[in-house]
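# Overview (structure and organization)
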Amino acid sequence: MTSPHLKAVIFDIGGVVLRSPFIAIAEYEREKGIPKDYLNVSITARGSHGAWQRFERGELALFPFYDAFGRDLSDTDNGNVWYAEYCQRKGIVCPDLPGALEVDGRELFGNMMQQGMIYNDNVLLAINKIRAARKWLIIALTNNFAKHSQSEIPESELRFLGWQDGPTPPHLRALFDDFCDSSQLGMRKPEPEIYLLACERNNIRPTEAIFVDDIGLNLKAAKKLGMDTIHVPLGGDLDAMIQLEKKLGIDITSRRHSEVTVSVPKL
């Protein structure tokens, strides 16, 4: 069913346009023998005051973030409690919990950044086709790190992170009419203010936008404001774009040679 009232499509970046950073976290957990989703639970449970959240709001510089991130994730006193509660909510058997952890914040974040610079082809195709239709604004709304200046970070560290062109490369930004970055705006999803600001900047109402994200909390906050929403589960980007296709009423998923040529930015 189409939604003719829509004026904008708002995309998350990591986990939607680009490969999910959760993949790197899951790999790190497997390599270190940490229970599945333990680190994700620890990141989320710290709420707005965790190192990850503060970094995404631009409140921590890179190197202090590494230290604080590692300390947060190595905190088994809180982490074990949060994870046991998570298992109970999910109705799953809680595995043996770690007596101690030494999570290297730099190593983990580096893995996340290095693996997160890969495009989800189905979403990239959709964005190009939406742009070609010239009917909707295309907006990025991302918890990101663009505030962190390249001039303040050694070249060797930029290479380690894959940030030679910055945390948000120009070719990525060029896909969008507006790029709303949490670290530059001083607020992050799921705080309602960042959604409202994205709409205000683009002269639309929340009810005139559809928001595409991979995280349930972010989608829930958007829906409360009146936005239409689409969830992109891990590996489910094609199904999500098919849902978006139905909302917009145009083909954004076919790869016929007669269709618009897809521009693949080089990162």
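Whatever comes next refers back to the structure up there.
These figures come from a predicted structure and were not determined experimentally.

## Thoughts on the pairing of strand β1 (residues 8–11)
With burial as the criterion, each face of β1 is covered, one bearing A8 and I10 and the other bearing V9 and F11. As defined by bridge partners, β1 adjoins strand β4 (residues 209–213) across four bridges and the pair is classed as parallel. Paired with F11 across the strands is V212, a residue of β4.

## Re the nonpolar core
In terms of nonpolar packing, the biggest core is built from 64 residues, with F11, V17, F109, W163, F176 and L244 touching the most fellow members. No other element matches the six residues that helix α4 (residues 62–74) contributes to this core. Listed in part, the 17 residues of the second largest apolar core include A8, I139, I194 and C199.

## Here we look at the pattern of salt bridges
Counting across every chain of the model gives 17 salt bridges. Between K36 and D37 there is a salt bridge; the shortest N-O distance is 3.2 Å. Residue classification places K36 among the exposed residues on the basis of a relative accessible area of 62%. When salt bridges that share partners are traced, they join K7, R205 and E208 into one network.

## A few points about the state of the cysteines
A full pass over the atoms with the stated rule returns zero disulfides. Of the cysteine sulfurs around C87, a residue in no disulfide, the closest is that of C94, at 4.0 Å. Free cysteine C199: the closest other cysteine sulfur is in C180, separated by 8.7 Å. Among the residues examined, C199 registers a relative accessible area of 1% and is labelled buried.

## Looking at the packing of aromatic side chains
The final tally for this structure, using the stated rule, is 20 aromatic pairs. The interplanar angle of 90° and the centroid separation of 6.0 Å between the aromatic rings of F109 and W163 together place this pair among those described as edge-to-face. Linking F109 in helix α6 (residues 105–115) with W163 in the loop between α8 (155–161) and α9 (170–173), this pair joins segments that are 54 residues apart in sequence. Exposure class is identical for F109 and W163. Each is buried. Taken together, the ring pairs in this structure connect W52, F55, F63, F65, Y66, F69, F109, F145 and W163 into an aromatic cluster. Positioned above the aromatic ring of F160 is the side chain of R106, whose terminal nitrogen or guanidinium carbon lies 3.7 Å from the ring centre.

## Section: helix α5 (residues 76–90)
The terminal C-alpha atoms of α5 lie 20 Å apart, and with 15 residues this matches the ideal 21 Å at 1.5 Å per residue to within 8%. For α5, the set of buried residues is T76, G79, N80, W82, Y83, Y86 and C87. Projected down its long axis, α5 shows its buried positions confined to an angular sector of 170°, all on one face. In α5, the exposed positions angled more than 90 degrees off the buried face are occupied by D77, Q88 and R89. Taken together, the buried residues of α5 touch α2 (38–45) and α4. Structurally, the start of α5 carries an N-cap: the backbone nitrogen of D77 is 3.2 Å from a side-chain oxygen of D75.

## What to know about the environment of E208
Here E208 shows up in the loop between α11 (192–201) and β4. Here E208 is in contact with H5, L6, K7 and A8, once residues within four sequence places are set aside.

What counts as what
Residues numbered from 1 in each chain as written. Predicted model: local features only at pLDDT ≥ 70, side-chain atom pairs only at ≥ 80, totals over all residues. Heavy atoms only, no water. Buried < 20%, exposed > 50% of the residue type's maximum accessible area, 1.4 Å probe, protein only. Helix = DSSP H or I, 4+ residues; strand = E, 2+ residues; numbered from the N terminus. Pairing = 2+ DSSP bridges. Core = buried A, V, L, I, M, F, W, Y, C linked by side-chain atoms within 4.5 Å. Salt bridge = Lys/Arg side-chain N within 4 Å of Asp/Glu carboxyl O. Disulfide = S-S within 2.5 Å. Phe/Tyr/Trp six-rings, centres within 6.5 Å; stacked < 30°, edge-to-face > 60°. Lys NZ or Arg CZ within 6 Å of the ring centre and 35° of its normal. Expected span 1.5 Å × (residues − 1). Arc of directions from axis to C-beta. Contact = heavy atoms within 4.5 Å. Polar contact = N/O pair within 3.5 Å; in protein donor to acceptor, adjacent residues only side chain to side chain.

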